[in-house]
Structure formats: C-alpha cells, structure tokens
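# Architecture and fold: a report
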Amino acid sequence: MRWCLFKCVTPPPPSVCVSGSFMAADSPLYLGLDFSTQQLKVVAIDGDLRVLHENSVHFDSELPDFRTQGGVHIHADRLTVTSPVLMWVKALDLLLDKMKGAGLDLSHVRAVSGSGQQHGSVFWRRGASETLKQLDPDQNLHQLLQRFTGNQIAKVHQNRAEEFQDTERISLVSSFAASLFLGCYAAIDHSDGSGMNLLDIRTRNWSQICLEATAPHMDRLLGAPLPSTSVLGPVSSYLVQRCGFSESCSVVAFTGDNPASLAGMKLQQGDVAVSLGTSDTVFLWIQQPRPALEGHIFCNPVDQQAYMALLCFKNGSLTRERIRNECSGGSWEIFSAALRDTPLGNDGHIGFYFDTMEITPPAVGVHRFDSADTEVSSLCPQVEVRALVEGQFLSRRLHAERLGYSIISGTRVMATGGASSNQEILQVLSDVFNAPVFTIDLSNSACLGSAYRALHGLVVESGVSFSDVLKKAPEPQLVATPHPAAKEVYDRMLKRYARLEERILQKT
Ligand code: ADP
C-alpha cells in the first residue's frame, strides 16, 4: 500500500492574526519543530524572534490508530521501546494541516529546523532513498529506540542480520525528521551525533574504531556528519507543491532535543542552566571539555568551536521535600527562613544527602560533617536545611567543573523547574556559583531553540554568531546576585566538599 505524505491544501489568506499579534503579509517566518516522545510541536517566530504561532499533535490521542502509550510501544521484554515511524510522518501531515487551518502562510517560511528525542535510530530499508525522493515513504521503515545509538545499532546487526543487510541508511530521529523536509537523506549533525557514542567530538568525525566495533559499512550507512548550523538544502519540491512552501525555504540541520533546548534557553559562553525539578539537571556551555565517566558531552549546537554538557542528579526536589518535612514542619516558608537565618558557609558544616543511589556521583546515604571534617550523626534543623541546599549546589558546581566548565566574569546561572520559585534557594545558588541567577521558562525550549537555530543557520556563513541573533530576544529575569563574600567562602568550601566526597566514595 502506498501512503500519501501530505494532504492537499487550500491557499492561505494574505495576512493572519496569530497568538494575538498581526503578521505583515510579507513578514518572514522561521519554524522550529520538536519530535518529542509524546507529541510533535511547532513554533513559528518572525525576524524579531516574536512567537507568532504554536501548535502540536499529541500522538496517543490524535493518532489513536497507532495504539501508542505515551507515544511508544513497549515490547514484551519490557526493555525494547519503539515508536512507529509512520506515526511521526502522519503527525507532520496533521500538524502542517493545522498550521494552515490556523491561517499561517507557509510561503513566508524562510527556514525550518527541528529536534528529535536523543538516542533513537531509524533504519531505512534499501530503496527508501528513491521513495523519499518521490516523498511517498515505504511504510515498513523500521525504528528502534533504546539508549545510546551505537550499542543499539550493534544489537540490530547481531540479532536481525537480514534486516540489517537490507538497510540503506541509518538516521537519528532528528535527521530522519529533517529528511522528511528535504526529500532526501539528511546528514546527522555534530551535536546529536555526539550522543551516539560513535563520534569523536574533537575531530567532529566518526571514530573509525567505534564504527568498526559496531557493524560493517557504518560509514556509508550513517553518511558524513555535518555542523549543526549547516543549511542542508531547500525544502523538497513536494512540500513546495503540496503545502505552499517557498522554493527558497531552507532546511537547517535538525539536532537532539537537549542541544535544541540549550539554544532555546539562550545559553551563551560561560552560562550554566540548572533545572530544579524532581531530579536536578545541569546544562553547561563548555569551551575546553574534559570528558569523564559521568555526564554527557556534546558538540555545541550553536557554536562550532564549543561544547555542551549535561549532568543529572537524582536527589533533587524529593530530597529537599524530605528535609523540609523533617526540619521545617513541611513548610517552604520555614525552610526559606532557615536559609535566610544561617550564614554563608554554614559555619563549616557540610552535608551529603543521597536518599537514593545518586547518579553523579554514584554514592548513597546521608553524610554530615562539622567544620573539622568529622562525621556527625545530626545537625540542628536550620543548619541541616542550609547543609542540604549548599551541598546540592556545591555538588552541581564540582561536577560541572570536572567536565571542563569554568565560571567566567560574564557567567549567568539560568534557573528553571519547580524549586526556582524559591528566592532563598536561588540566593544560595547565586552564592555558590558566585554569579547572577536568572529564571527562565523551559517548557517550550527545544521548539523555540529550533526556530532560533533556523534563523541563525541562514546568517551563520556571513559570520553572525548565535548571540548576535539573540539580541532581539527578551531578556531573562534577574532574581539573585551573589553576596560579596561568596567567592571566598565557596571557593574554599568546594575544595573541602571534593575531599569529603572522595572519602564517601571510598566507603561506598
Ligand atoms: P518535574 O521534574 O516533575 O517537572 P517540577 O520542575 O515541576 O518537577 O518541580 C516540582 C518540584 O518543585 C516539587 O517536587 C517541589 O519539591 C518543588 N517546589 C515547588 N515549590 C517549591 C518552593 N517554593 N520551594 C522549593 N521547592 C519547590
């Protein structure tokens, strides 16, 4: 059965009112898409980075024929997770339809970029390239989702030799999505490619040793990786004819959702983003990476000379809630007052609160120390609250610096997530990093980052940096500045924290 990719469309009106702001008939548009696990989202911005339109397709509820739960199929082994590739294609069809239905004139789109969930791979069957050129994709494309794409490809090669033999190309979710816009195979970009465990992030090329350890002919199957800022080509003639895109609309390389979020958070050199949710996550902009066994380092999606890193900490808000319940009667106000009423550096008390096995570092248990580095069994409630929050942020800083992050004079800390509503917690964050803290909204960052990247891709060749492009974006909100004594207190405390952490790890 042949499956038609995009529906016929009716001509759009000359100008529209979207998101409450009038769009001039000739206003250029830039699209950012996000192929996430549960839905496909889009944001359209204008040349002043104003969001003019947002839309989405929720897989489970809007495409029920695919019978996904949370956008995926979980296999009988409870380990293998796949998503039906045609569902993404159909979601794109529906999304373009919805955008046009809302009156968005796709002929104004100058560039498109996007992101896909990281670590997913798409195997294109032999002949798919021809089908793709005719934009009528084979419905039997096979897609497999697991962590780390290199290992995943090796598994397909070992367990499904015949299907592997019949594979013409292997894409990531991001480059697969870009292929749908290009009408031919899209290159894997350096940033998402870094998450495969196959790319040498310094030479920005495939590591031959890793390719050979994975499967034969990997060079050919993956194609050459390209900088994340590359213009891959114009949109397919199919999209021009069927959806009214302009022939000059460019497709800028798609990337992974985490790199796209870095762009959406408007992170710049020296910045760090700290998400204070159920788990805490730290995003870093790094100039000189020092890859370690902990954390993930990627080529930077918006600056070809730089890198980015991600660190995950399991003991985040749930641990803060436990200490709030035990030391502050369940009240964030009393918890905050304890932070206000205790001094920077906590008179030398340091605490480690790993209620569950931590990821960074791999340690467990609660460990409290007095100013002489002697382990103690308890702290008074107010001191315990500060020990927890200082300890968490010292850990975020220590592990960030181990990956090559360094605080520079213009460093900004971008805070997001539930606990970023707490002013006193943000003050400790500012003091420990000795940098101003700003709050940002992460909810649509991958989509928005893709739209910014689409715009940047068009001007990068003329030497315009990503931060130049962002000058028109609204400024984030400054919420805390460091205490004058913070640098001295926490530079010293960080060294003690590192020594004590080492001691705990030796005992674990
Ligand atoms: P998720 O990771 O699930 O998206 P959120 O980013 O929404 O989580 O954060 C939820 C957490 O925010 C809650 O677990 C709660 O501990 C924390 N939180 C909410 N309000 C406050 C506050 N005033 N002070 C500190 N933490 C808070």
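My aim in this report is to walk through the structure given alongside it, one point at a time. (Residues numbered from 1 in each chain as written. Predicted model: local features only at pLDDT ≥ 70, side-chain atom pairs only at ≥ 80, totals over all residues. Heavy atoms only, no water.)

## Quick word on the site of the ligand
Test applied: Proximity criterion: a residue is near a molecule or strand once any of its heavy atoms comes within 4 Å of it. The term polar contact refers here to a pair of N or O atoms within 3.5 Å; inside protein, the definition further demands a hydrogen-donor-capable atom paired with an acceptor-capable atom, and it admits residues adjacent in sequence only when both atoms are side-chain atoms. Note on residue categories: nonpolar means Ala, Val, Leu, Ile, Met, Phe, Trp, Tyr, Cys or Pro, charged means Asp, Glu, Lys or Arg, and polar means any other residue, Gly included.
Around the ligand sit Gly277, Thr278, Ser317, Glu321, Trp332, Gly417, Gly418, Ala419, Ser421, Asn422 and Ile425, and that is every residue in its neighbourhood. Backbone polar atom of Gly418 to an oxygen atom of the ligand: 2.8 Å apart, as the coordinates give it. Contacts to the ligand include Asn422, whose side-chain N or O atom sits 3.1 Å from a nitrogen atom. Class assignment of the residues belonging to the shell around the ligand gives a composition of 3 nonpolar, 7 polar and 1 charged.

## Considerations on the sheet that holds strand E17 (residues 272–276)
Going by this rule: When DSSP finds two or more bridges between a pair of strands, those strands are recorded as paired. Runs of E in the DSSP output that reach at least two residues are strands. Runs of H or I that reach at least four are helices, and both are numbered from the N terminus. In this analysis an axis means a line fitted to C-alpha atoms, helices contributing only their contacting stretch, and an angle means the value between N-to-C directions, from 0 to 180 degrees. The contact definition used throughout considers only heavy atoms, calling two residues in contact when any of these lie within 4.5 Å.
Across the sheet, which stays open at both edges, the 7 strands sit in the order E19-E20-E18-E17-E24-E25-E26 with mixed pairing between neighbours. The outermost strands of the open sheet, each flanked by one partner alone, are strand E19 (296–299) and strand E26 (477–480). In this sheet, adjacent strand axes meet at a mean angle of 25° when their direction is disregarded. As judged from the 3 bridges shared by strand E25 (residues 437–439) and E26, these two strands associate in the antiparallel manner. Its bridge partner being in E26, Phe438 is matched across the sheet by Leu478. Packing of helix H14 (residues 381–402) onto the sheet brings it into contact with E17, strand E18 (280–286) and strand E20 (307–313), and relative to E20 it is tilted by some 145°. Those strands touched by helix H15 (residues 423–433) are E17, strand E24 (413–416), E25 and E26, and its axis lies near 85° from that of E26.

## Digging into the sheet that holds strand E23 (residues 375–376)
Reading across the sheet, the 3 strands line up as E21-E22-E23 and stay open at both edges, with antiparallel pairing between neighbours. Each having just a single partner strand, strand E21 (350–354) and E23 make up the two edges of the open sheet. Two elements, E21 and strand E22 (residues 365–369), share 5 bridges in a ladder whose sense is antiparallel. Bridging from a neighbouring strand, Ile350 pairs with Phe369 of E22. Sheet contacts for H14: E21 and E22; angle to E21, the most-contacted strand, approximately 75°.

## Focus on the pattern of salt bridges
Opposite charge on two side chains permits pairing when their charged atoms draw close. What counts, and what does not: By definition, a salt bridge exists where a carboxyl oxygen of Asp or Glu is found within 4 Å of a side-chain nitrogen of Lys or Arg. For every residue, the accessible area obtained with a 1.4 Å probe (protein chains only) is divided by the maximum for its type, and the residue is called buried under 20%, exposed over 50%, and partly exposed between those limits.
Tallied over the full model, the rule gives 22 salt bridges. Note that Asp355 and Arg322 form a salt bridge whose closest N and O atoms lie 2.6 Å from each other. In this pair, Asp355 sits in the loop between E21 and E22 while Arg322 sits in helix H12 (residues 317–327), placing the two residues 33 residues apart along the sequence. Asp355 sits in the partly exposed class, given a relative accessible area of 33%. Look at Arg322 and you get partly exposed, because its relative accessible area is 23%. Residue Glu488 is joined to Arg492 by a salt bridge in which the shortest nitrogen-to-oxygen separation is 3.7 Å. Remark: Arg492 and Glu488 occur in helix H18 (residues 486–507); sequence separation between them is 4 residues, near one turn of the helix. The exposed category is assigned to Glu488, whose relative accessible area is 59%. A residue is classified by how much of its surface remains accessible, and Arg492, at 54% relative accessible area, is exposed.

## Notes on the nonpolar core
The line we're drawing: In this text, buried Ala, Val, Leu, Ile, Met, Phe, Trp, Tyr and Cys residues form a nonpolar core when linked through side-chain atoms within 4.5 Å.
The biggest cluster of nonpolar side chains holds 73 residues, and the ones touching the most others in it are Ile153, Phe164, Met218, Leu222, Leu284 and Leu429. Residues in contact with Phe164, not counting those within four places in the same chain, are Phe123, Ile153, Val156, His157, Ile170, Ala215, Pro216, Met218 and Leu221. Core analysis: the next-biggest nonpolar cluster, separate from the first, contains 46 residues, Leu40, Met87, Val89 and Ala186 among them.

## Concerning unusual backbone geometry
The peptide bond linking Thr360 to Pro361 adopts the cis configuration, its omega dihedral lying at -5°. The topology assignment puts Pro361 in the loop between E21 and E22. Its identity is not glycine, yet Arg204 carries a phi of approximately 55°, on the positive side. Within the element layout of this structure, Arg204 appears in the loop between strand E12 (199–200) and strand E13 (205–206). Given a relative accessible area of 14%, Arg204 falls into the buried group. Of note, Asn346 is a non-glycine position whose phi angle comes to about 55°, a positive value. Summarising the element assignment, Asn346 is placed in the loop between helix H13 (332–341) and E21.

## Some remarks on the packing of aromatic side chains
Note the threshold: Stacked, tilted and edge-to-face are the three classes assigned to paired rings of Phe, Tyr and Trp, where Trp is represented by its six-membered ring and a pair needs centres within 6.5 Å; plane angles under 30 degrees give stacked, over 60 edge-to-face, the rest tilted. Charge over a ring is defined by NZ of Lys or CZ of Arg lying within 6 Å of the ring centre and within 35 degrees of the ring normal.
Tallied over the full model, the rule gives 9 aromatic pairs. Ring centres of Trp88 and Phe176 lie 6.0 Å apart, and the angle between their planes is 55°; on these two criteria the pair is classed as tilted. In this pair, Trp88 sits in helix H2 (residues 85–101) while Phe176 sits in helix H6 (residues 173–182), placing the two residues 88 residues apart along the sequence. Of the two residues, Trp88 and Phe176, neither departs from the other in class, the shared state being buried. Judged by centre distance (6.2 Å) and plane angle (55°), the rings of Phe352 and Phe354 are tilted. Put simply, the rings of Trp88, Trp124, Phe176 and Tyr185 pair up and form one aromatic cluster. Of note, Arg204 hangs over the ring of Tyr307, and the distance from its end group to the ring centre comes to 4.9 Å. Lying across the ring of Phe313, Arg396 places its NZ or CZ 4.1 Å from the centre.

## A word on the packing of H14 against H15
Put simply, the rule reads: Geometric relationships in this document are graded by angle, where less than 35 degrees denotes roughly parallel, more than 145 denotes roughly antiparallel, 65 to 115 denotes roughly perpendicular, and other angles denote oblique. Should the near helix be turned counterclockwise from the far one by less than a right angle, the crossing is left-handed, whereas a clockwise turn marks it as right-handed.
Between H14 and H15, the shortest axis-to-axis distance is 9 Å and the interhelical angle comes to 45°. The pairing of H14 with H15 is recorded here as oblique in orientation. Here H14 and H15 pass one another in a crossing that is right-handed. On H15, the residues touching Arg386, Val389, Glu390, Phe393, Leu394, Arg396 and Arg397 of H14 are Ile425, Val428, Leu429, Val432 and Phe433. Tallied by class, the residues present in the contact of H14 with H15 amount to 8 nonpolar, no polar and 4 charged.

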